[in-house]
Structures are given as C-alpha cells and as structure tokens.
Amino acid sequence: MKTTISRILLAATLALPVAASATAAFVPPVPEIAGKAYYLVDFNSGQVLAAQGPDARVEPASLTKLMTAYLTFKAVKEKRLTLDQMLTVSSRGWKTDGSRMFLDPKVPVKVDDLIKGMIVQSGNDACVTLAEAIAGSEDVFAQVMTQQAQKLGMKNTQFRNATGLPHADHYTTVHDLAILSAALIRDFPEFYPTYSIKSFTYNNITQPNRNLLLYRDPNVDGMKTGYTDTAGYNMITSSHRDGRRVISVVVGTASPEARAVESSKLLNYGLQFFDTPKLYSAAKPVSDVPVYKGAAKSVPVGFGQDVYATVVKGQAGQLKADLSTVQPLIAPIKAGQTVGKLVVSLDGKPLLERPVVALQAVEEGGFFGRLWDSIKLMLGWK
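Everything numeric here is computed off the predicted structure, so don't read it as measured data. (Residues numbered from 1 in each chain as written. Predicted model: local features only at pLDDT ≥ 70, side-chain atom pairs only at ≥ 80, totals over all residues. Heavy atoms only, no water.)

### Description of the overall build of the protein chain
- If you tally the helices and strands in the protein chain, you get 10 helices and 19 strands.
- Considering only C-alpha atoms, the protein chain reaches an extent of 80 × 55 × 35 Å along its principal axes.
- When the 382 residues of the protein chain are sorted by exposure, 49% land in the buried category.
- Pairs at least 24 apart in sequence give 67% of the contacts found in the protein chain among residues at least 6 apart.
- With an accessible surface of roughly 17,600 Å², the protein chain has 55% of that area assigned to carbon and sulfur atoms.
- Distance from the positive charge centre (41 side chains) to the negative charge centre (33 side chains) of the protein chain: 5 Å. (Helix = DSSP H or I, 4+ residues; strand = E, 2+ residues; numbered from the N terminus. Buried < 20%, exposed > 50% of the residue type's maximum accessible area, 1.4 Å probe, protein only. Contact = heavy atoms within 4.5 Å. Areas by Shrake-Rupley, 256 points an atom, 1.4 Å probe, with all protein chains shown as cover. Lys, Arg positive; Asp, Glu negative; His and termini not counted. Charge placed at Lys NZ, Arg CZ, Asp CG, Glu CD.)

### Some remarks on the side chain of T163
- On the secondary structure map, T163 appears in the loop between α6 (138-152) and α7 (174-187).
- Excluding residues within four positions of it along the chain, T163 makes contact with A61, S62, T64, K65, N124, C127, V128 and E138.

### Digging into the layout of surface pockets
- Counted as a void, the largest pocket has a volume near 700 Å³.
- If you trace the largest pocket, you find 24 residues lining it, with F43, N44, G46, R186 and Q305 closest to the centre.
- Among the elements of the structure, β2 (37-42), α7, β15 (307-308) and β19 (349-358) are those that each provide at least two residues to the lining of the largest pocket.
- At 6 residues, the largest contribution of residues to the lining of the largest pocket is made by α7.
- A breakdown of the residues in the lining of the largest pocket according to their chemical character gives 14 nonpolar, 6 polar and 4 charged. (1 Å grid on protein atoms, 1.4 Å probe; cavity = no way out; pocket = protein on both sides within 12 Å on 5 of 7 lines; lining within 4 Å. Points joined across faces, edges and corners; volume = space filled by probe spheres on them. Nonpolar A, V, L, I, M, F, W, Y, C, P; charged D, E, K, R; others polar.)

### Quick word on the pattern of salt bridges
- Throughout the structure, instances matching the rule amount to 12 salt bridges.
- Note that R244 is salt-bridged to D42, the shortest N-O span being 2.9 Å. With R244 in strand β10 (residues 244-253) and D42 in strand β2, this residue pair connects regions lying 202 residues apart in the sequence.
- Assessed through its relative accessible area of 7%, R244 is described here as buried.
- For K313, the salt bridge is made with D275, and the minimal N-O distance between the two is 2.9 Å. Of this pair, K313 sits in the loop between β16 (311-312) and β17 (319-327) while D275 sits in strand β11 (residues 274-275), and the two are 38 residues apart along the sequence. (Salt bridge = Lys/Arg side-chain N within 4 Å of Asp/Glu carboxyl O.)

### Some words on the domain arrangement of the protein chain
- Per the domain assignment, the segments making up the protein chain are domain 1 (37-273) and domain 2 (278-379).
- Taking only C-alpha atoms into account, the centre of domain 1 sits 38 Å from that of domain 2.
- Each side of the interface is counted separately: domain 1 has 9 residues, and domain 2 has 9 residues.
- A buried area of about 660 Å², summed over both sides, lies between domain 1 and domain 2, and 45% of it is on carbon and sulfur atoms.
- In this assembly, domain 1 and domain 2 are joined by 0 salt bridges.
- Across the domain 1-domain 2 interface, the total number found is 5 residue pairs in polar contact (both at pLDDT 80 or more).
- With 3 residues, the single largest contributor to the side of domain 1 that touches domain 2 is helix α9 (residues 256-273).
- Residue composition of the side of domain 1 that touches domain 2, grouped by class: 3 nonpolar, 4 polar and 2 charged. (Domains from an automatic or database assignment. Buried area = accessible area lost by both parts, 1.4 Å probe. Polar contact = N/O pair within 3.5 Å; in protein donor to acceptor, adjacent residues only side chain to side chain.)

Right, here's the structure in full:
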C-alpha cells in the first residue's frame, strides 16, 4: 500500500495568527527547581514543557492516593460502590500508620466522606477502608492499582499499598504521576472538584488541605501532597488560566513551603510563556478520503478528540500539518477506525502526532461495484 499525503497550512485553515517572520521565538529557560525530580505537562496537548529525571524511580508517598482515588471513582462510576454506601473501618485500617481522618471502628462512614477524607485529609484509614471494600483486601487492591497503572501507560510504576507508606517495591516516576493526574482529571471530571476543597471535618476534627497553593493562587484547583522521611516533600499541582491547564509534579523537596514554591515556579513558567491553540475539533471532518469496494465512494475523516498544540507564545502562526492517509482504503470501514495520522511540525521539526479516524462507517458495496474497484486497483486507475 502507498500513503497519500496532503499538506494543510494551519495558519490559513484555522485562522491562527501569522508570525511576522520565521525567526525562532525566545524560549525562556526553565527555572531552577530545588527537588529530586520534576515534570510539567500541558493537559490539553499532552506536551511536556519541562522535566528533570522524568523516568527516575521515586517514592510517591501519599501521591499514591491518586491511584486509590482513581479506582474508587471507577468503582462508583461502575456502580460497585455508591456515594451514600456505609462502610466500617477494619482493624487493619484503624491501626494503619501515618495521616488519618480518625475513623471510629464502631461508627460506619459514607463512601462520600471517605473520599473527602482520603483527598483533603490524606487519611490512610480512609484509603484502606476503600481498598478493602473494592478488592477485599489492601494487598489485592494494590495488585489492581498496578494493573490500572499499566493500562494508563505508567510503565515504571508498581504499587504495594493504597496509602503510600514506604515499601521497597512501591515506586513510580514523575512522568508516570503526570499520566495518572491527567487521566484522573480527564476520566472523572465530576469528582475532580474535591481536590480544591480547603478543609474537611470528620468526627469533630477539622483538617486543612496541605496543598498551600490552594490558598495562594486562585488558578490552582488541585491536586495532592505527600511526605515521608525517605521521599521528602512531594506535590502534584494543577492550574488553569485562560482556557489552559498545566500539571506539575515535584518530588523530593525539603519542606512543605519548598514544594509549594517550586511547584508555583513550574506552573507559572508553563502558563506565562506558552500558548495552546486548538487546531481541530473532535468529530468534525477535515478531509474526505476515497474508499474502494464500499457502499460509498469516500469517507469523511477527522479526530476522535480535540487536537491542541503547545508552542512558545508568538509561534502559533508557524505551525504546519501533514495529514496522511493509507491508500487504497478498502471497505468495510468502522466509524472511529484509524485511517491515517496527523503530524504537526514547527520549524520543520515534528511537534505532535495524532491518529486520523473515519467519522462514519462505510459498508461493503455490491458485487459488481467491488469487482469494478478490484479491476481499477489492479490496473492502477484512480
């Protein structure tokens, strides 16, 4: 098979601002970050804006609870748990070390309160209670956590518990944590506002959210902090401004104040110096591709999700796109089937790649139509 390529100038087709010249825009250096490792990613485009030690193995501490939350939200969405369901903390959950929401073994608690206790108060007792309700035991739940991590593309992560308490075989990377954070926001938007709650009261005990940026930056609306003696002070933060969202992961800092300050540096860097224009909308045709042996002679193609690109401010008008489709494209074709790819480039260098999909199904054509198309393909006719 051969590949047909059609080039689209984004500045013309998408009304992006045209750059005054082809001179490369100034890219400010990433600020110095006092931490073991860090990662900054644009949520919409998925492009990495800054990273240090992205795939180095690190101890997540309570950042682990993002995966515990992910599986809890999944269980609620699949109706294996309900928000008003009452659960009782086990002896293991009640006795677990570290931060807690102070559950009482004699008093059942709503799943909804356990979620808030896990997220806002970072309660290890809440995590164990939820893990046991979902998987029967925390040990089995940890196996499910690792399986889910693999499904999300977290290639260098392994979980041994639901809380983040230290374990030699409990590890991840800042890259993987960014994948998890973005997946949580994308897959469970209805639960994400919980991460912006500044305090929660349970059992007559009020505890504040340890994310200091929630109190300092109105653009910050999540996500999670973590600490152990061996991990240091960790934080994942999400900030949105002018339709953009960036996610930062900073681990191994020296204090609660340091993790807030270093995270703020990264977030402001990403929001101040970059733009993320929307290039294409999901489910809207960008081209028609010829189809052979089908009930239709062509199929509209486009994207399953909105397509964004992140560039230094002032560079949007220099973006170019190559839309390539596999030919000959032979029916039957399913709606959503990948039929090509889009490569967006800047200054001749690939910036991002997205699959191009069929927006409609095309059934197989009749006998004589298929026969005629077979003859055309054999003779090289279009």
